[in-house]
Every structure is written in C-alpha cells, then in structure tokens.
Amino acid sequence: LGVLREVHCGLLDLVCPRVSALAVTLEASDWPGEWFEQQVNRFDLIFCANETYEAHSETLTRWQREHGLCLVVTDGSRGSWMIDRQGNRWQEPASKLTQPVVDTTGAGDAFASAFCAGHLLGLKARRLLRLASWYAGQKVLRAGPRAYPAQASFMATAYAIEQFEGEGTVNA
C-alpha cells in the first residue's frame, strides 16, 4: 500500500479479505490518526524510518506487542533493525557501497519492496534485512526515484544471501 493515509481505509476493506499478508509504511510527517488504531490489526508488517520510530516509539512498540506484527525500522547509512512477530530484535548494518551515493530518493521504497519480496521467497529475519539493505544500497547508486536494479540481479543476490552464513558483504 505504501504510505497509509485515512483515505485508504475503504481500500483496506476490499483488499484484506483477499490477501494473506499486508504491509504498510508509516511516516512521522503524515502520522495516522486514531482511525489507524482500528486498522492496525490488519497489518502483518509496518515499515518506518528511524525518525518516525523516535517520534512514535511507544505507539509502534505497543502495536508490535499487542498485534504480533513485524516492525522494521530503516536508519539510512546506520542500517536497519526489526522486531519480529515473536518480539525478537534483529539488526543489520547498511550495505557497503563501492561507489558514491547518487540519489537517495526511493531508497526506503526499495528497502521495503526487497524485504517483502525476500519474505515471499522464504528468507527470514537477518537475511531479509541484508537483502533489503543491499537493494536499497543499489538504488542509491542510481539517479531517479524509479531507477532500481534488474530483477535478475535481485534474484541472484537473494539466492546468494540465502546461501551466505557469515558476516560482511555479499557478492552476487
């Protein structure tokens, strides 16, 4: 759904009965009102940037605990972390870049989409964060909000991450 706003509530009624998992991104600058309290039980996964988490940590932590959802927080060059459905916390450093950053527009969307795709491929916790971090890192090396790495590159990296047991940079 992307960034959820109150106008999307009607769509939730149409979508929720048809899907097995639902993810949403929340932003501090467009924080949902009380209407979201009645919707939060529909979500399996909430993404937000660290500044959103810092501004609303008590609420986000409560939602994670009460609804058993996965909370994923991105923090730019400092990496990302998540609290899984069982309450375990996982952390991953930012992907090591081999070139200078060109454009960060769309990096959060790239992270969230790669995380969701990795989840559908069966990756778990730290490997999800690692794949999403790599994909967001590849996005920032390209100009424009929709300049993403090719699908073949994504799949090769997802496979490499699944096979990779150690720490550090994954080469795919």
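Residues numbered from 1 in each chain as written. Predicted model: local features only at pLDDT ≥ 70, side-chain atom pairs only at ≥ 80, totals over all residues. Heavy atoms only, no water.

K.L.:
If you had to explain the environment of T157 to someone new, which residues and values would you point to?
P.N.:
Tracing the sequence through the fold places T157 in helix α5 (residues 151–163). Given the relative accessible area of 1%, T157 is considered buried. (Helix = DSSP H or I, 4+ residues; strand = E, 2+ residues; numbered from the N terminus. Buried < 20%, exposed > 50% of the residue type's maximum accessible area, 1.4 Å probe, protein only.)

K.L.:
For the sheet that holds strand β1 (residues 23–26), give the residues involved together with the corresponding values.
P.N.:
Pairing within the open sheet is mixed, and its 5 strands lie in the order β1-β2-β3-β4-β5. The two strands at the open ends of the sheet, each matched to only one other strand, are β1 and β5 (89–92). Each neighbouring strand pair of the sheet contributes to a mean axis angle of 15°, computed without reference to strand direction. For strand β2 (residues 45–49) and strand β3 (residues 70–74), the ladder comprises 5 bridges, and the chain directions are parallel. Paired with A49 across the two strands is T74, which belongs to β3. The strands touched by helix α2 (residues 50–67) are β1, β2, β3 and β4 (80–83); relative to β2, the strand with the most contacts, the crossing angle is about 155°. In the packing of helix α3 (residues 107–120) onto the sheet, the strands contacted are β1, β2, β3 and β4, and the crossing angle to β2 comes to about 155°. (Pairing = 2+ DSSP bridges. Axes fitted to C-alpha atoms, helices over the stretch in contact; angles between N-to-C directions. Contact = heavy atoms within 4.5 Å.)

K.L.:
Tell me what's going on with the layout of surface pockets, and back it up with residues and numbers.
P.N.:
Approximately 670 Å³ is the volume found for the largest pocket. Residue lining of the largest pocket: 33 residues in total, with T74, D75, G76, A107 and G108 positioned closest to the centre. For the lining of the largest pocket, the secondary-structure elements that each account for two or more residues are β1, β2, α2, α3 and α4 (125–139). Split into classes, the residues belonging to the lining of the largest pocket amount to 14 nonpolar, 14 polar and 5 charged. (1 Å grid on protein atoms, 1.4 Å probe; cavity = no way out; pocket = protein on both sides within 12 Å on 5 of 7 lines; lining within 4 Å. Points joined across faces, edges and corners; volume = space filled by probe spheres on them. Nonpolar A, V, L, I, M, F, W, Y, C, P; charged D, E, K, R; others polar.)

K.L.:
Help me get a handle on the packing of aromatic side chains, residues and values and all.
P.N.:
The tally for this structure, following the rule as stated, stands at 5 aromatic pairs. Note on F47 and F111: the rings are 6.5 Å apart at their centroids and 85° apart in plane angle, and the pair reads as edge-to-face. With F47 in strand β2 and F111 in helix α3, this residue pair connects regions lying 64 residues apart in the sequence. Accessibility assignment for this pair places F47 and F111 in one class, buried. Each member of the aromatic cluster is reached from another via a ring pair, and the members are F47, F111 and F115. The ring of W81 carries R89 above its face, with NZ or CZ at 3.7 Å from the centroid. (Phe/Tyr/Trp six-rings, centres within 6.5 Å; stacked < 30°, edge-to-face > 60°. Lys NZ or Arg CZ within 6 Å of the ring centre and 35° of its normal.)

K.L.:
Before we move on, can you summarise the nonpolar core with the specific residues and values?
P.N.:
Membership of the largest hydrophobic core comes to 19 residues, with the highest contact counts inside it found for L45, F47, V72, F111 and F115. Elements with a minimum of two residues in this core: β2, β3, α3 and α4. With 7 residues, α4 is the largest single contributor of residues to this core. Residues in contact with V72, not counting those within four places in the same chain, are L45, I46, F47, C48, W81, M82, F111, F115 and L129. In this structure, F36, I46, L71 and I83 belong to the second largest nonpolar core, which totals 17 residues. (Core = buried A, V, L, I, M, F, W, Y, C linked by side-chain atoms within 4.5 Å.)

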